[in-house]
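# Commentary on secondary and tertiary structure
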Amino acid sequence: MKRKYILLLFISMLITSLAPITSAQEPTVVLDTVLPERGGPLEELTITFTIINTSDEAMWSPQIRIDLSNDVDNYFTLIDDALDVDIGDREYLALNDTVTVDYLIMANANCPAKNHVLPLILRYRSGSCEGGCQQEEFKTNIALQIYRNDPMVAISVIPAEDVFPGDPIKITMQLNNYGTGPAINISISTSSEPELLAPAETIVYSNKDPPELGVTESVAAVAIIDTAGVQPGYYNVTIDVMYEDKYGDVKHRTTSTEVRVKGTAVQEAIIQAEQLKTLGINAYQIKDYTTAISYLERAIDLFYRVEKNDEATICENYIQISTTYLQAQNYNIKGDSFFDEGDYENAKKFYELASNLYEQLGNSNKFLELKNKINACNDEIYKYDIMNNAFYLAVIICILYGIVTKRKKIVMRLKSD
């Protein structure tokens, strides 16, 4: 019995030694307010915390700081670093004592609008001895919502009227701010394709200098382009509106519009013919041969009218090649149709016609494809010939067998008689 008591006592002591030691209670830090309530970048934010001593020891010399040692330091700047908490005339915070503290921080210009999680560290000394006997550190996270007032400028362009060389092109536009912040230092620049037009002289009709666009505001602007020495034609003008938000970030909005410099009747005909030629060649390159022929035929008519015979010849060559491709495609389609019907002789004939055209065009891929189809036809024709010959041989054998059998019967009858 005594041995049992000793064993039970040993087991009890072992369980007690393995049981986790209850850690001391931690203090509580509560975020009360953030001022201004909708704080944004480049603003000094005042964060008010309430510290409650919910530990089981006295809290001496509390100190609070936000830790920016991770990636959030790119978005915030500390005004207060490690801030000693003023607890008034008290020597320490007793159990359940509270104190409030204001902590200052600033969001940088690049700080995005979202709920940021920031690490908070509370350091203090705990214990009943004078000044506290042990250094303690409590870590938690706080959520700090940042708001931004960003502009968003939209551009509406009124198409410019056609002009003759030497006359200015006037592009009128309207700028609208649909964002939540002002757009400041507005400027406009232009570029053209082809690069034949000079940069435009731009004017923003704003009552502020430099031009500015408030929230929900709109303003008119104009770009004037000199066309002296410019060849007639169509030009694509890119308009770039550059502005800044109140945090100093530069933003861009771009749009484009087409302008036309008119010429004489001959010049206009040449421009139109070249456009039709380009459309025709583009259609040819994507194998839309019917559309290519349509554009190129119209281009040829105009080129001959303005006596640009070399250009007309180029178009005629493309038409000839496109026509050949269409003919080859038609032969190929007819061959497929006959092949599906089992008419391999006609299928082979059309495949051979298509193959010859693709060989003339230098299209080796299509040529090899047609050769494979022709071989498939030859295989089917060979199979048919073998079956046909076998059928005729069987018929002949049957006939001969019948004749021989009949002669034997006649001979047998004669012998019996």
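This write-up is about the structure you can find in this document. Please read these numbers as outputs of a predicted model, since none were measured by experiment.

### Section: the sheet that holds strand 9 (residues 153–158)
Read from one edge to the other, the open sheet built from 4 strands follows the order 9-10-14-12, with strand pairing classed as antiparallel. Among the strands making up the open sheet, the edge pair consists of strand 9 and strand 12 (201–204). Geometrically, the sheet is characterised by an average inter-axis angle of 20° between neighbouring strands, direction not taken into account. Note: strand 12 against strand 14 (residues 218–225), 4 bridges, orientation antiparallel. Its bridge partner lying in strand 14, V204 is registered against A221.

### Here we look at the pattern of salt bridges
A complete count under the given rule lists 17 salt bridges for this structure. A salt bridge links K251 to D245, with the nearest nitrogen and oxygen atoms 4.0 Å apart. Across the pair K366 and E369 runs a salt bridge whose closest N-O atoms are separated by 3.6 Å. You can see K366 and its partner E369 sitting in helix 6 (residues 364–416), 3 residues apart, about one turn around the helix.

### What to know about the packing of aromatic side chains
In this description, a pair of aromatic rings is defined by centroid distance and the angle of the planes. As enumerated under the stated definition, the model contains 8 aromatic pairs in all. Measuring from centroid to centroid gives 5.2 Å for Y284 and Y318, while their planes differ by 75°, and the two rings are edge-to-face. Here Y284, found in helix 2 (residues 265–285), pairs with Y318, found in helix 4 (residues 309–341); they are 34 residues apart in sequence, far enough to count as distant. Y318 sits in the partly exposed class, given a relative accessible area of 23%. A centroid spacing of 5.1 Å and a plane angle of 70° characterise the contact between F339 and Y344, whose relative ring orientation is edge-to-face. The exposure class assigned to F339 is partly exposed, which follows from its relative accessible area of 26%. A relative accessible area of 22% means that Y344 is categorised as partly exposed. Three or more aromatic residues joined by ring pairs form one cluster here, namely Y284, Y289, Y318, Y325 and Y358.

### Concerning the sheet that holds strand 2 (residues 44–52)
The strand order 1-2-6-4 describes an open sheet built from 4 strands, whose pairing is antiparallel. Single-partner strands in this sheet number two, and they are strand 1 (28–35) and strand 4 (76–78). Geometrically, the sheet is characterised by an average inter-axis angle of 35° between neighbouring strands, direction not taken into account. By the bridge criterion, 7 bridges tie strand 1 to strand 2 in an arrangement that is antiparallel. Across the sheet, V34 pairs through a bridge with I47, a residue of strand 2.

### Topic: the packing of helix 3 (residues 289–305) against helix 4
Across the interface, helix 3 lies against helix 4 with an axial gap of 9 Å and an inter-helix angle of 160°. Classified by the angle their axes make, helix 3 and helix 4 are roughly antiparallel. Crossing of helix 3 over helix 4 shows left-handed handedness. Listed contacts from helix 4 to Y289, T290, A292, I293, L296, E297, A299, I300, F303 and Y304 of helix 3 are N309, E311, A312, C315, E316, Y318, I319, S322, T323, Y325, L326 and Q329. Taken together, the residues of the contact of helix 3 with helix 4 break down into 14 nonpolar, 5 polar and 3 charged.

### Considerations on the packing of helix 2 against helix 4
Running from N to C, helix 2 and helix 4 cross one another at 25°; their axes reach a closest spacing of 11 Å. Judged by the angle between their axes, helix 2 and helix 4 are roughly parallel. Crossing of helix 2 over helix 4 shows left-handed handedness. Facing K277, I281 and Y284 of helix 2, the residues of helix 4 in contact are E311, I314, C315, Y318, I321, S322 and Y325. Residues that form the contact of helix 2 with helix 4 fall into these classes: 7 nonpolar, 1 polar and 2 charged.

### A look at the pairing of strand 11 (residues 183–193)
A regular strand places its side chains on the two faces of the sheet in alternate fashion. Two elements, strand 11 and strand 13 (residues 212–213), share 2 bridges in a ladder whose sense is antiparallel. Among the inter-strand pairings, A183 is bridged to a residue of strand 13, identified as L213. Pairing analysis gives 8 bridges linking strand 11 to strand 15 (residues 233–244), with the strands arranged antiparallel. Residue pairing across strands places S189 opposite D240, the latter belonging to strand 15.

Parameters at a glance
- Residues numbered from 1 in each chain as written.
- Predicted model: local features only at pLDDT ≥ 70, side-chain atom pairs only at ≥ 80, totals over all residues.
- Heavy atoms only, no water.
- Pairing = 2+ DSSP bridges.
- Helix = DSSP H or I, 4+ residues; strand = E, 2+ residues; numbered from the N terminus.
- Axes fitted to C-alpha atoms, helices over the stretch in contact; angles between N-to-C directions.
- Salt bridge = Lys/Arg side-chain N within 4 Å of Asp/Glu carboxyl O.
- Phe/Tyr/Trp six-rings, centres within 6.5 Å; stacked < 30°, edge-to-face > 60°.
- Buried < 20%, exposed > 50% of the residue type's maximum accessible area, 1.4 Å probe, protein only.
- Parallel < 35°, antiparallel > 145°, perpendicular 65-115°, else oblique.
- Left-handed = near helix turned anticlockwise from the far one by under 90°.
- Contact = heavy atoms within 4.5 Å.
- Nonpolar A, V, L, I, M, F, W, Y, C, P; charged D, E, K, R; others polar.

By themselves, these figures tell us nothing about what the structure is for.
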